Amino acid sequence: MERYKEAVAQCLVAPLGEPVEHVMSMLRLPPEPEMGDYAFPCFTLAKTWKQAPQQIASQLAEEVVVQMPVASVQAQGPYLNFTLADDVLSQEVIEGILAAEDDYGCGDEGRGHTVVIDYSAPNIAKELLFHHIRSTMIGHALIRILRARGYTVVSDNHLGDWGTPFGLLIAAYERFGWDGEAGVEDIVQLNALYVRASAEAKTDPAFAQEGRQWFQRLEAGDPDARERWRWFVEVSLAEFQKVYDLLGVSFDHMLGESDYEPYLDDTVKLLEEKHVLSESDGALVVDLEAYDMPPFLVKKQDGTTLYGTRDLSTALYRRREWQFDTCLYVVDMGQSLHFKQLFKSLELAGQEWVSGCHHIPFGLVLQKDPETGKWTKGSTRRGNASLLKTVLEDAIAMARQKIAESNPDLPNPDDVARQVGVGAVVFNDLRHRRVRDVKFDREAILNPYGETGPYMQYAHARCASVLAMARLTPGEGVDYTLLREPEERALVRKLAAYPSVVAEAAREWEPSIIAQHLLDLAADFNRYWARGNKDHRLRILRRDEPASTAARVSLTAALRVVLRNGLHLLGVPTPDAM
């Protein structure tokens, strides 16, 4: 809509004597569609013009000369309201969408700008829990959104595969062994061993010391330690990949903390050269007291490194290798202090590019406590810490059951069930502002009548069904003046706004902006579809009105493109039938 906004602003350039950019910044959207498409508030002119805003609006209404695509201008109180020509807007928007297809919503403002996105980042030796859906899918959506707007994006799954916990894991393996005949998946045994190692370290100081010694050996390159560790990583990655395949997620890089181990000494040396390291109880830290933050620990008393050390090395590596302009860390808001410490430490070390590093925080995933019925963070102790794979498989199974009940003759029901089940889980997560907590209810997210993934997919499938039945070529010989219904006008304007919505989502790093716009589009389309007209449904396909049918089919085709494109950016599949 920016082009139309500029056309409106051009009408005011002469009477106001202001540049078009300034006039555009003053335009507003009216609260009601019948008031017009853009409104110019006259309050700011009252002092200089020495008139009441209502008088200014009336005077401007007489002076302004409109030209296409602006159809009319009208003073309403202190506002000057502009209305665009419906037929011109409909033709330009619909034909533009049909010509662009998959590229509609794309832009080039990000050209020449490189963004690194750090996301998902599970820990080795643990299964992916349901809360991993947040970092994984927010990051995945941001990658697609930014690429759509022309940015060069480098995606990195920063695996947690290094540190003292892995020394403890090796110690547990050596002490307790491995049951090769247990009859369960390796990842299950590995996770159980990880839990046992953590518990043992809290009660047995000797075991905790063994773990620290094993990690020292691991950092020193001990062959036995490295062999055990590599196997743990392989088992974990094989399990992670099953879930990523279900979600349709892939990565440019899967560099774990261990990949930066060769650079740790250089990182410590850099901090020493910049005089930002100090000693505290035998450990090396960056003192951040002057910035109201606790010290940032770089080396422990025993000389081993920490998560923070590896994060410093990771940032330095990414800047050196990928020359990013922006680096986004999609990590839960519980790590906010850590990233403030990390970025400040890099700043103190003279790395000016750190101003392009940003923490992208998000809230919790909440599930119902089976005992109290209250919404709470998943907890193993409470019995509601679900595995992500299990949640996805359950959603797919429930979708398959609903398909069997409602549409037993649907072709490829298993494939559609996977798309609907996974789409339901993903859309439920991304429709919320990312900083908000997300409530997860298996039954609710599969409801086709709420703000859900199936609701969105059903709107897309309904469009596909109409187009299949129409057997017309959208956009061919269409008279767009026939799109006169209020619902049609609203749909055209929302379709026109879609590219600017994607651009806003890219600027704000907020996928929910797209999700909410798509929900509005789907709601408008469903009202349009079901609107009563002389006791009959307002049908898109009318044999007795071929010209109107052609226009409505073209509108439906454009809507389908936008729904498909927008849901694709969010990582939600779009089946043609459900």
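Fair warning: this is a prediction, and the values are worked out from it, not measured in the lab.

Q: Explain the sheet that holds strand β5 (residues 152-156) to me, please; I cannot follow it from the model alone.
A: Sheet strands pair via backbone hydrogen bonds, and the direction of the pair is either parallel or antiparallel. The strand order across the open sheet formed by four strands is β5-β4-β9-β10, and the pairing between neighbours is parallel. Of all strands in the sheet, those with a lone pairing partner are β5 and β10 (357-360), marking the two edges. Across the sheet, the mean angle from the axis of one strand to that of its neighbour is 20 degrees, orientation sign disregarded. Judged from the four bridges that link them, strand β4 (residues 114-118) and strand β9 (residues 326-330) form a sheet pairing that is parallel. When the bridges of β9 are listed, I117 appears paired with L328. Against the sheet, helix α13 (residues 336-348) contacts β9 and β10, and its axis sits at roughly 180 degrees relative to β10.

Q: Just to check I follow, could you spell out helix α10 (residues 223-247) for this structure?
A: Every α-helix carries 3.6 residues per turn, so stepping three or four residues along brings you back to the same face. The end-to-end C-alpha distance of α10 is 36 Å, a good match for the 36 Å that 25 residues give at a rise of 1.5 Å each. Positive phi appears at G248, one or two residues downstream of α10, with a value of about 75 degrees.

Q: Could you clarify how one ought to interpret the nonpolar core in this entry?
A: Most often, soluble globular proteins have nonpolar side chains that are buried together. Formed by 149 residues in total, the largest nonpolar core has its most connected members in F40, I117, L247 and L518. Ranked by the residues each element gives to this core, the list is headed by helix α20 (residues 546-570), at 13 residues.

Q: Looking at this structure, I do not really get the environment of R111. What am I missing?
A: Structurally, the position occupied by R111 is in the loop between α5 (86-100) and β4. With a relative accessible area of 64%, R111 lands in the exposed category.

Q: What is the right way to read the pattern of salt bridges from this model?
A: Once their charged atoms are close, side chains differing in charge can pair, the charge on each being opposite to the other. Summed over all chains, the structure comprises 34 salt bridges. Note that D86 is salt-bridged to R493, the shortest N-O span being 2.9 Å. Highlighted residues: D86 in helix α5 and R493 in helix α18 (residues 486-508), separated in sequence by 407 residues. Relative accessible area serves as the criterion here: at 25%, D86 is assigned to the partly exposed category. Taking relative accessible area as the criterion, R493 reaches 14% and is therefore assigned buried. The residue R542 makes a salt bridge to D544 at a minimum N-O spacing of 3.4 Å. Here the salt bridges do not stand alone but share partners, grouping E488, R542, D544, E545 and R552 into one network.

Q: What exactly am I supposed to notice about the sheet that holds strand β2 (residues 70-76) here?
A: One open sheet accounts for three strands, arranged β1-β3-β2; its pairing is antiparallel. Edge positions in the sheet fall to β1 (38-41) and β2, since each has one partner strand and no second. Sheet twist, expressed as the mean angle between neighbouring strand axes with direction ignored, is 20 degrees. As paired strands, β2 and strand β3 (residues 79-84) are joined by six bridges and run antiparallel to one another. The residue of β3 that forms the bridge with Q74 is N81. Lying on the sheet, helix α1 (residues 2-16) is in contact with β1, β2 and β3; it crosses β3 at an angle near 135 degrees.

Calculation rules
Residues numbered from 1 in each chain as written. Predicted model: local features only at pLDDT ≥ 70, side-chain atom pairs only at ≥ 80, totals over all residues. Heavy atoms only, no water. Pairing = 2+ DSSP bridges. Helix = DSSP H or I, 4+ residues; strand = E, 2+ residues; numbered from the N terminus. Axes fitted to C-alpha atoms, helices over the stretch in contact; angles between N-to-C directions. Contact = heavy atoms within 4.5 Å. Expected span 1.5 Å × (residues − 1). Core = buried A, V, L, I, M, F, W, Y, C linked by side-chain atoms within 4.5 Å. Buried < 20%, exposed > 50% of the residue type's maximum accessible area, 1.4 Å probe, protein only. Salt bridge = Lys/Arg side-chain N within 4 Å of Asp/Glu carboxyl O.

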